[in-house]
Amino acid sequence: MKQIIISRDGLETRVAVMEEGRPAELYVERPGCRSLVGNIYKGRVENVLAGMDAAFVDIGLDRNGFLYVDEVSMSEGRRTQTRKITDLLQGGKEVLVQVARDAMGSKGPRLTTQLTLAGRYLVYLPRTAVLGVSRRLDDAERDRLRSICKTLDPAPGGMIIRTAAEGADEEALGRDLRFLQRVWEGVERRIRVAGAPSLVYTEADLAMRAVRDLLGPEFDAVLVDDMKLHRRLAGYLRAVSPDLAGRVELREGDIPLFERLGLDEEVGKALRRRVELPSGGYIVIDHTEAMTVIDVNTGRYVGRRFLEDTILRTNVDACREIVRQLRLRDIGGIIVVDFIDMASRSNRDAVLMALEAELAQDRTKTYVVEVSPLGLVEMTRQNVARGLSEVLTMPCPCCHGDGRVVSEESALITVERRLRALVLTSTSPGLRVEVHPRIAARLLGGRNPLLRQVEQETGHRIFLQAADEKAALDHLAVVPD
């Protein structure tokens, strides 16, 4: 059984993909911290670096975007045998770019001039005359969709049929194509009047992307706890996939859907270094700037007879959880897994087969290298957006970035939700609580203080008392009268 859970309030939108009753993927988006992937900008080339064969482009953000020579489409320059960035771009030139990867760490966003607009069944390429079909489909279905491609007219652009188009007819694909062409016409109108740098197209928000990109016939339902969002998602599906529109269900309530289903606890677990395995072993996940390292340990599992059997069982058991954690935390880039050393080549092959079988369920592209005699597996996983840890945590202000703690924004959201839960169960018209001084300032600050919003919506008075500065950021305690 597979479901998509979407919970939204004024502070953030959260999405969980459920498989067999457990979260397999988690995504969080906040108003001031949205992913830029898919956004199209009219930018200006700041400087061209011949030594790096790349350019930095001003797109109106605090950091310039990075445009590598291979991401510059042919329309931006004449095709030559050896493409050089200096032949394609010059400083001060206006260029239309799309964000291909979010800014991460000290690096700015990765850009491309190969523009795309994603729909339910296909990706429209307004400036590239290419026709393609997803390789994830079987040969017979690819041939059928390829024949439909020839009857549709994406000119002057092209299109790539997505995996979600499996079983879709010509009418559905044509409807999707015409919708994306109209969207592009609007983008072109904005391009003509906009100066550089400026945003000319904004990609859909997290909830819409989840329904557009993830929902398929294999999903039983999409559960939503916000009425306006439910109407918008159901309306979108009625237009593009009428057969799936009935699967969007509204589950309103005073308590957010994530909390009702126990997913808040799962989000917390996804930030921990140590993850327990069913066999009694465990894995440890450490992030560095260069790569993510995962260590496998036997832990409490001591086996029954032979050491090699114990190691094989633990390693195979770890494969399933490692892939689940990669998806859950949306870990990308270089990943090194330190499996427990195995003497037998056949056992190393068995672990690699188990790992590849689990990775086949992952939508994100991954390349795996064979298991080394030391038990190391190197892999790369496509890195597009910031992972869960990047969104929910920040560098520790005490150790200056050597560790990570819950961010002030996350602590504020946690305290606000716990406050609502407290007043809903309280019989007193007023409540005095103790919170961290910085959280108290955030609750009381601004033109429309968050604390006032909670009081108006719950009908209770809440009196804040500052805790010691050394208290945890998400500290909340009821002060007796």
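Residues numbered from 1 in each chain as written. Predicted model: local features only at pLDDT ≥ 70, side-chain atom pairs only at ≥ 80, totals over all residues. Heavy atoms only, no water.

Peer 1: Explain the pairing of strand 14 (residues 219-224) here, please?
Peer 2: Looking along a regular strand, one sees the side chains alternate between the two faces of the sheet. In terms of burial, strand 14 is a largely internal element, 5 of the 6 residues being buried. Relative to strand 14, strand 1 (residues 2-8) runs parallel, the two sharing 5 bridges. When the bridges of strand 14 are listed, Ile 4 appears paired with Val 222. Bridging between strand 14 and strand 15 (residues 248-250) involves 3 bridges; their strand directions are parallel. Following the sheet pairing, Val 224 is matched in strand 15 by Leu 250. Tracing the backbone out of strand 14, into helix 5 (residues 227-240) and back to the parallel element strand 15 gives a crossover that is right-handed. (Buried < 20%, exposed > 50% of the residue type's maximum accessible area, 1.4 Å probe, protein only. Helix = DSSP H or I, 4+ residues; strand = E, 2+ residues; numbered from the N terminus. Pairing = 2+ DSSP bridges. Right-handed = clockwise from strand over helix to strand, strands pointing away.)

Peer 1: What should I look at first to understand the environment of Phe 56 in this one?
Peer 2: Turning to its location among the elements, Phe 56 is positioned in strand 5 (residues 54-58). With 54 residues separating them in the primary sequence, Phe 56 and Arg 110 have C-alpha atoms 9.7 Å apart.

Peer 1: Can you walk me through the packing of helix 8 (residues 307-329) against helix 9 (residues 345-359) in this structure?
Peer 2: Contact geometry for helix 8 and helix 9: axes closest at 8 Å, N-to-C directions at 15°. In terms of axis orientation, helix 8 runs roughly parallel to helix 9. Helix 9 is crossed by helix 8, and the crossing has right-handed handedness. Across from Glu 308, Leu 312, Asn 315, Val 316, Cys 319, Arg 320 and Val 323 in helix 8, the residues of helix 9 making contact are Asn 347, Ala 350, Val 351, Ala 354, Leu 355, Glu 358 and Leu 359. (Axes fitted to C-alpha atoms, helices over the stretch in contact; angles between N-to-C directions. Parallel < 35°, antiparallel > 145°, perpendicular 65-115°, else oblique. Left-handed = near helix turned anticlockwise from the far one by under 90°. Contact = heavy atoms within 4.5 Å.)

Peer 1: Would you take a moment to explain the nonpolar core for this structure?
Peer 2: In a soluble, globular protein the nonpolar side chains are often hidden away together inside. Judged by nonpolar contacts, the single largest core of 28 residues is most densely connected at Ile 283, Ile 322, Val 337 and Phe 339. Only strand 17 (282-287), strand 18 (291-297), helix 8, strand 19 (333-338), helix 9 and strand 21 (376-381) provide two or more residues apiece to this core. For this core, the element with the most residues is helix 8, which contributes 7 residues. Excluding its chain neighbours within four sequence positions, the residues that come into contact with Val 337 are Ile 294, Val 296, Ile 322, Gly 375, Leu 376, Val 377 and Met 379. Of all hydrophobic cores here, the second largest spans 27 residues; its members include Leu 145, Met 159, Ile 161 and Leu 180. (Core = buried A, V, L, I, M, F, W, Y, C linked by side-chain atoms within 4.5 Å.)

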